[in-house]
Amino acid sequence: MISFNVPPYVGREKEYINEAIDSHKICGDGAFTKKCSKWFEDRTGTSKCLLATSGSTALDMAAMLTEVGPGDEVILPSFTFVSTANSFVARGASLVFVDIRPDTQNIDEKLIENAITDKTKVIAPVHYAGVGCEMDTIMDIAKKHGLLVVEDAAQGVMSEYKGRALGSIADYGCYSFHETKNYSMGEGGALLIRDEEKVDRAEIIREKGTDRSKFLKGVIDKYTWVDMGSSFLPSELNAAYLYAQLEEADTIYNDRMASWDAYYELLSPLAQQGVIELPVIPEECKHNAHMFYIKTKDIQERSALAKFLKDNGILAVFHYVPLHSAPAGSKFGRFCGEDRYTTNTFERLLRLPMYYGLGLNNVEFIADKIREFYKK
Ligand SMILES: *Cc1c(COP(=O)(O)O)cnc(C)c1O
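Residues numbered from 1 in each chain as written. Predicted model: local features only at pLDDT ≥ 70, side-chain atom pairs only at ≥ 80, totals over all residues. Heavy atoms only, no water.

Colleague: I'd love a proper account of the layout of surface pockets, names of residues and values included.
Modeller: Counted as a void, the largest pocket has a volume near 440 Å³. Taken together, 22 residues form the lining of the largest pocket, with Phe81, Ser176, His178, Thr180 and Lys181 sitting closest to its centre. Among the elements that take part in the lining of the largest pocket, helix α3 (residues 55-66) stands out by supplying three residues, more than any other. Within the lining of the largest pocket, the residues separate by chemical class into six nonpolar, 12 polar and four charged. Looking at the second largest pocket, its volume works out to about 330 Å³. If you trace the second largest pocket, you find 16 residues lining it, with Asp29, Lys34, Lys48, Glu203 and Lys217 closest to the centre. Breaking the lining of the second largest pocket down by element, the ones donating at least two residues are α2 (31-44), β1 (48-52), α7 (199-206) and α8 (212-216). If one sorts the elements of the lining of the second largest pocket by residue count, α2 sits on top with five residues. Grouping the constituent residues of the lining of the second largest pocket by class yields four nonpolar, three polar and nine charged. (1 Å grid on protein atoms, 1.4 Å probe; cavity = no way out; pocket = protein on both sides within 12 Å on 5 of 7 lines; lining within 4 Å. Points joined across faces, edges and corners; volume = space filled by probe spheres on them. Helix = DSSP H or I, 4+ residues; strand = E, 2+ residues; numbered from the N terminus. Nonpolar A, V, L, I, M, F, W, Y, C, P; charged D, E, K, R; others polar.)

The structure is reproduced here in C-alpha cells:
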C-alpha cells in the first residue's frame, strides 16, 4: 500500500527530544523553541516568529491581533481548510467568500475589490499547495482600502513569491507543522509578524494575556495580566522534533521536489492530450512541493480514478468541501459573486501521494497506474 502521507522523520528527532528531557525544561520557549524561531526569522526575514500549538492557533492569534469583531467582514477563499475561517468566526466576524483562480486554485485577486464593503477589515489569502497568491496585487488593494492581510501559509513553508518567503509578506503569516505538512512537530504552527511594533502585543496574547515575555527578558521586574490571550506555546518536546527537521530543511525540500518533478514529467503526456490538468506554478512563485494534484474531467471520473488507484494499493484523496456549501459556512458567511471554479475544482481535484521519502519508484508506479486507467 502506498500511503497518501507519511510524517517526516530525518533521524535526530529522538536525540533532540532526549536533550530537551535532560535539560529539565519541557514547557514552552526553551532552547529548541528559540532555535526554531530564530531559524524562521533568519530564513524568512520576518521581524518575529512565534511558535504555536498548531497552524489553527497561529491563525487564532493573527485574528486576535487584527482586532476583527462582530460587524466586521473578512474576505477569504471558500476553497480552503476550515481553520482559515474558524479563527475569524471565533472573533465574531462574518466571512465573505471569493472565487479562486483556475490555474493555482488560489483566491482570484481580480475579484477581491468587488467583495469589499465598508465593513471589510481583513483579507485572508491562502497559498494553496504552497504556491503563492498574487501578493503584490492583494497588498495594493489592502493598502488602498486600509485593510489588514493575514496569509494562511500553512502549506507554504520554504515557498517564495518574487523572492520573498510566503508568510512574511503580509501583516501576519501562519505556518502549520501538522504531520501532513512538509516540516512537522506532530501538531504545531508558527505566527510570523512582519512589523516590529506589533511584536509586543503578539507575545502578550501568546502568554495568556500577560507581559511575561518582557519579564523573562528582564525588561520588567514582575509580570501581570494586561490583555486578552491564551496559552499558545508548544512544548519543548515538539519543538525539538521540529528543529531536527529544520536542520535538514533542504534535504526534505529536494526530496519532495524530485518526486513532484517526476510526477509532472511522467504525467505531462496525458496533460498534453487534454485528458488531465496539472498544477500551474506562476513565474513569480517558487513552490515547495507540498502537494501534487491532478484535475480530471469531472467528479465521476475523479471518483473512478481514486477507486482504481485504491484497488491498486495507492491512496489518493480529494478536498476541500467548499466552505460556503458547508453548514457552518452558510451560517457564518456568504459567497460574493459567481462560483465558477470553487465547486468545480473540488469536484475534479485529486491529490496524489506526496511525502518525504516517497521515492521515484513509487512515483513511477503511480504514474503508470494513472496512464493505465486512461487507456481503458
Ligand atoms: C493545515 C492547514 C491549516 C491548519 O493547520 P493545523 O496545524 O492542522 O492546525 C490551516 N490552513 C490550511 C490551508 C492548512 O492546510
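Colleague: Now, about the packing of α3 against helix α4 (residues 82-90): what can you tell me, with residues and values included?
Modeller: For the pair α3 and α4, the least separation of the axes is 8 Å and the interaxial angle reads 40 degrees. Seen along the crossing, α3 lies across α4 with a hand that is right-handed. Counting all contacts with α3, which are made through Ser56, Leu59, Asp60, Ala63 and Thr66, the residues of α4 involved are Ser83, Thr84, Ser87 and Phe88. The residue inventory of the contact of α3 with α4, partitioned by class, reads three nonpolar, five polar and one charged. (Axes fitted to C-alpha atoms, helices over the stretch in contact; angles between N-to-C directions. Left-handed = near helix turned anticlockwise from the far one by under 90°. Contact = heavy atoms within 4.5 Å.)

Colleague: Requested: an account of helix α14 (residues 360-375), with residues and values cited.
Modeller: With 16 residues, α14 should reach 22 Å at 1.5 Å per residue; the first-to-last C-alpha distance of 22 Å fits that figure. Burial in α14 covers these residues: Val363, Ile366, Ala367, Lys369, Ile370, Phe373 and Tyr374. All buried residues of α14 project into a common sector of 155 degrees when viewed along the axis, lining one side. Of the exposed residues in α14, the ones pointing more than 90 degrees away from its buried face are Asn361 and Lys375. Those residues of α14 that are buried lie in contact with α10 (249-272), α11 (299-311) and β13 (349-352). (Expected span 1.5 Å × (residues − 1). Buried < 20%, exposed > 50% of the residue type's maximum accessible area, 1.4 Å probe, protein only. Arc of directions from axis to C-beta.)

Colleague: I'd love a proper account of the packing of α11 against α14, names of residues and values included.
Modeller: α14 packs onto α11 with a crossing angle of 130 degrees between their chain directions and a minimal axis gap of 10 Å. Viewed along their axes, α11 and α14 adopt a mutual orientation that is oblique. In this structure, α11 meets α14 at a crossing whose hand is right-handed. Touching Glu301, Ala304, Leu305, Phe308 and Leu309 of α11 are Lys369, Ile370, Glu372, Phe373 and Tyr374, all from α14. (Parallel < 35°, antiparallel > 145°, perpendicular 65-115°, else oblique.)

Colleague: Provide a residue-level description of the pattern of salt bridges, including the pertinent values.
Modeller: Across all of its chains, the model carries 30 salt bridges by this definition. A salt bridge links glutamate 301 to lysine 297, with the shortest nitrogen-to-oxygen separation between them at 4.0 Å. Assessed through its relative accessible area of 14%, glutamate 301 is described here as buried. Within this structure, Asp171, Arg194, Asp195 and Lys198 form a network of salt bridges that share partners. (Salt bridge = Lys/Arg side-chain N within 4 Å of Asp/Glu carboxyl O.)

Colleague: Outline the sheet that holds strand β4 (residues 120-123), supporting the account with residue identities and numerical values.
Modeller: Strand pairing in a sheet is mediated by backbone hydrogen bonds. Such pairs are either parallel or antiparallel. Spatially, β1-β9-β8-β5-β4-β2-β3-β12 is the arrangement adopted by the eight strands of the open sheet, whose pairing is mixed. Taken across any chain shown, the strands that pair with only one partner, and hence form the sheet edges, are β1 and β12 (333-335). When the angles between neighbouring strand axes are averaged without regard to direction, this sheet yields 25 degrees. Where strand β8 (residues 172-176) meets strand β9 (residues 189-193), five bridges bridge the pair, whose relative direction is antiparallel. Bridging from a neighbouring strand, cysteine 174 pairs with leucine 191 of β9. Lying on the sheet, α7 is in contact with β1 and β9; it crosses β1 at an angle near 10 degrees. (Pairing = 2+ DSSP bridges.)

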